[in-house]
Amino acid sequence: MTEIQITRTKDEPGATTLSVEAPVEVVLAAEKKAAGHYARRVKLPGFRKGKAPPEIIRKRFGDAIRETVIQELVKDSWKQAVESQSLAPISEPEVHKLKFEADQPVTFEFLVETKPDITFDRLGGFTVTRTEESVTDAMVTQQIDQIRQQKAPWVPLEEGKPQDGDMVHVTITTKNDEGDDEQKTYDIVLGKNQALPAVEEVILQMQAGESKETSISFPADFPDETKRGQSMSMHVTVHECKRQELPELTDDFAREVGDFETADDLQKSVKEDMGRVASREADAQVRRDLIEQIGAANDVPAPRPMVNRMLRAYAEAYQVPQDGFERFVGEFGPVVEHQVKRELIIQGVAAKESLASTEEELDDRVAEIAKNQKTDVAKVYATLQKENRLKDLERDVTETKVFDFLIGQSTVTTK
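Remember, it's a predicted structure, so these values are computed and weren't measured experimentally. Throughout, residues of each chain are indexed from 1 in the direction in which the sequence is written. Restriction of local features to residues with pLDDT of at least 70 applies here, the model being predicted, together with a cutoff of 80 or more for giving and counting side-chain atom pairs; totals for whole chains, interfaces and linings are based on all residues. Think of the side-chain values as coming from all heavy atoms in the structure, minus any hydrogens and water.

Observations concerning the pattern of salt bridges
Think of a salt bridge as a Lys or Arg side-chain nitrogen and an Asp or Glu carboxyl oxygen that are within 4 Å of each other. All told, the structure shown has 24 salt bridges when counted by the stated rule. With a shortest N-O distance of 2.6 Å, D252 and R255 are connected by a salt bridge. Highlighted residues: D252 and R255, both in helix α6 (residues 251-257), separated by 3 residues, approximately one helical turn. With a 1.4 Å probe rolled over the protein chains alone, any residue whose accessible area is under 20% of its type maximum counts as buried; one over 50% counts as exposed, and the rest are partly exposed. Residue classification places R255 among the partly exposed positions, given a relative accessible area of 40%. To qualify as a helix, a DSSP run of H or I must reach at least 4 residues; to qualify as a strand, a run of E must reach at least 2; elements of each kind are numbered from the N terminus.

Written as C-alpha cells, this is what we have:
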C-alpha cells in the first residue's frame, strides 16, 4: 500500500513544520476499517447486528467515521514522522490546515515543538552585582503591625463616618433586567477593591443607620463591556460600621502569635525572617542577571512555540479572559521569554557539564526536608510521590548545582 508522505517544510528554533499527505488508498482503507468497527457493534432497524450494508453504515455514521479516520491518520502520521524525521518533540504536535474531501488525499500540517540545540561559546567571565536590602527597624515595625492587624478584632463604630480599612455591613438595592427590585447584602472592607470605587465613595459619606438613593457610573474597564460607562440607580443602606482595634505589642501577644516568650523575641524572629527573605531575593537577582548575560553572550533563543505554550498555560491558570489575552501577553511576554531562556540554559549546562541531580543528592535533599519538618524521611518521600513533586525536587537539585557551577565561573561583587 502507498505510504503516507511526510515532508519537512520549515525549521526554526524550537519548532519544525511537517507537511502530511495521506494518499486516497490510505484514506479509503481507514474509512473501511472505521465503518467495519461501527458495523460490528451497532444494530439498525431491519438488520441483524453486524449485518447492515456498508453504504447504510456510512450514511448513518458518516460524521463519526470521518472523525475516526482523521484521528487514525493523525496518529499514524505522527508515529511515522517521529521515526522518519528524527524528531525530539517536547509536546504533542498541533494540527493545522486539515483538508479532507471525498476521493482526494487528506492533507494537513504538523507544527512540532522541539527542544532547540544550544551551544555555549562562553559560560564564565561575567560580572554580576549582589545587592541585599538591609532590614530596618521601620520595616520590622511594619511587618509586626501587619501581624497585629491579622489578630485585631472588629469593633463596632459608635458614631462617625467610616474610613478606608473599616468594614461596613450594607444592603444595596438595584433594578434587574426585568425592572424589579433586586436586593443584596454585603460585608465590605473599604479601600480593598471589594466594591466599585463609586459605590465606596457613597458609603464613605454615610453613617451606620443611614440610607441613600444615588446613582453611579460603571468604569471604562468594567468586566461586563455592555455596562462600561453606563449609569445605574441604587438604594444603599449602611447597617453597621466596624473598625479593627490593634492589640498592643506585649509579651502576651507574642505568646499568642507563636512560640515566643517576649515581644522582643517576636521582633527578633521577624527581623531574622525578613533578613533571610532579603538574602534569597539578592541571590535570585544574581541568578537572573547571570542568565541574562549568558543568554546574550551565547545568543540563546526564546522559541516562539515554547513561549506561546507557557503564556497559554499561565493565562489558563490565572483565568485571563479571552479579550484580555493580548494585554496579558504584552505585560508578561518578556517575563515568559526570560523564563524559557532560563530553562534552556539550565538544561543545556546540566547536560554539558553532567550536573543532573543524582539519587544520592535527592536522598540528601529529602533528608534535609524531613529534618526541617521534624518528621521521618519515608513520610516525606510518600508525600512527594503522592503529590507528584519528586520531579520538581530533582529539577531544584539540578538547578542548584548548575548555578553553583556558573557562579564559580564568574565574579560576584557585593554592593
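Some words on helix α7 (residues 263-297)
Residues spaced three or four apart along an α-helix face the same direction, because each turn holds 3.6 residues. With 35 residues, α7 should reach 51 Å at 1.5 Å per residue; the first-to-last C-alpha distance of 51 Å fits that figure. Where the residues of α7 are buried, they touch β5 (127-130), α4 (137-151), α6, α9 (325-352), α12 (390-408) and β11 (411-414). Immediately downstream of α7, the backbone of D299 shows phi near 50°, a positive value. Expected helix span is taken as 1.5 Å per residue step, with the number of steps being one fewer than the number of residues. Contacts are assigned to residue pairs that have any heavy atoms within 4.5 Å of one another.

Some words on the confidence of the model for the protein chain
By definition, pLDDT measures how confident the predictor is in each residue, and it falls between 0 and 100. With 95% of its residues at a pLDDT of 70 or more, the protein chain has an overall mean of 90. The element-level mean pLDDT for the protein chain is lowest in helix α2 (residues 54-60), coming to 70, with β5 highest at 97.

Digging into the environment of C241
Relative to the helices and strands, C241 is located in strand β10 (residues 231-244). Along the primary structure C241 and E94 are separated by 147 residues, whereas in three dimensions their C-alpha atoms are 56 Å apart. Not counting chain neighbours up to four residues away, the residues in contact with C241 comprise V155, P156, L157, P162, M167, V168 and A208.

Examining the nonpolar core
Among the nonpolar cores identified, the biggest contains 27 residues, and I294, V340, I345, V349, V402 and L406 are the most heavily contacted of them. Those elements that place two or more of their residues in this core are α7, α8 (304-317), α9 and α12. Here the element with the most residues in this core is α9; it accounts for 8 residues. V402 has contacts with I346, V349, A350 and L355, leaving out every residue within four places of it along the chain. What we call a nonpolar core is a set of buried Ala, Val, Leu, Ile, Met, Phe, Trp, Tyr and Cys residues that are connected through their side-chain atoms within 4.5 Å.

Observations concerning the layout of surface pockets
Definitions used throughout: a 1 Å grid over protein atoms alone; a cavity as a set of points that fits a 1.4 Å probe which cannot get out; a pocket as an open set with protein on both sides within 12 Å along at least five of seven lines; a lining residue as one with an atom within 4 Å of a point. Grid points are joined across faces, edges and corners, and a volume is the space filled by probe spheres set on the points. Of the pockets and cavities examined, the largest pocket occupies roughly 540 Å³. Together, 21 residues line the largest pocket, and T174, Y186, F218, K227 and M232 are the ones closest to its centre. Only β7 (167-175), β8 (181-189) and β10 provide two or more residues apiece to the lining of the largest pocket. It is β8 that contributes the most residues to the lining of the largest pocket, 5 residues altogether.

Some words on the sheet that holds strand β2 (residues 15-22)
Taken in spatial order, the 4 strands of this open sheet run β1-β2-β4-β3, and their pairing is antiparallel. Each having just a single partner strand, β1 (5-12) and β3 (94-99) make up the two edges of the open sheet. Adjacent strand axes in the sheet meet at a mean angle of 20°, parallel and antiparallel pairs treated alike. When β1 meets β2, the two strands line up antiparallel, connected through 7 bridges. What sits directly across from Q5, in β2, is E21. Against the sheet, helix α3 (residues 62-84) engages β1, β2, β3 and β4 (106-113), with an angle of about 50° to β4. By the convention used here, strands pair only if DSSP detects at least 2 bridges between them. Between N-to-C directions, angles cover 0 to 180 degrees, with each direction set by a line fitted to C-alpha atoms, over the stretch in contact for helices.

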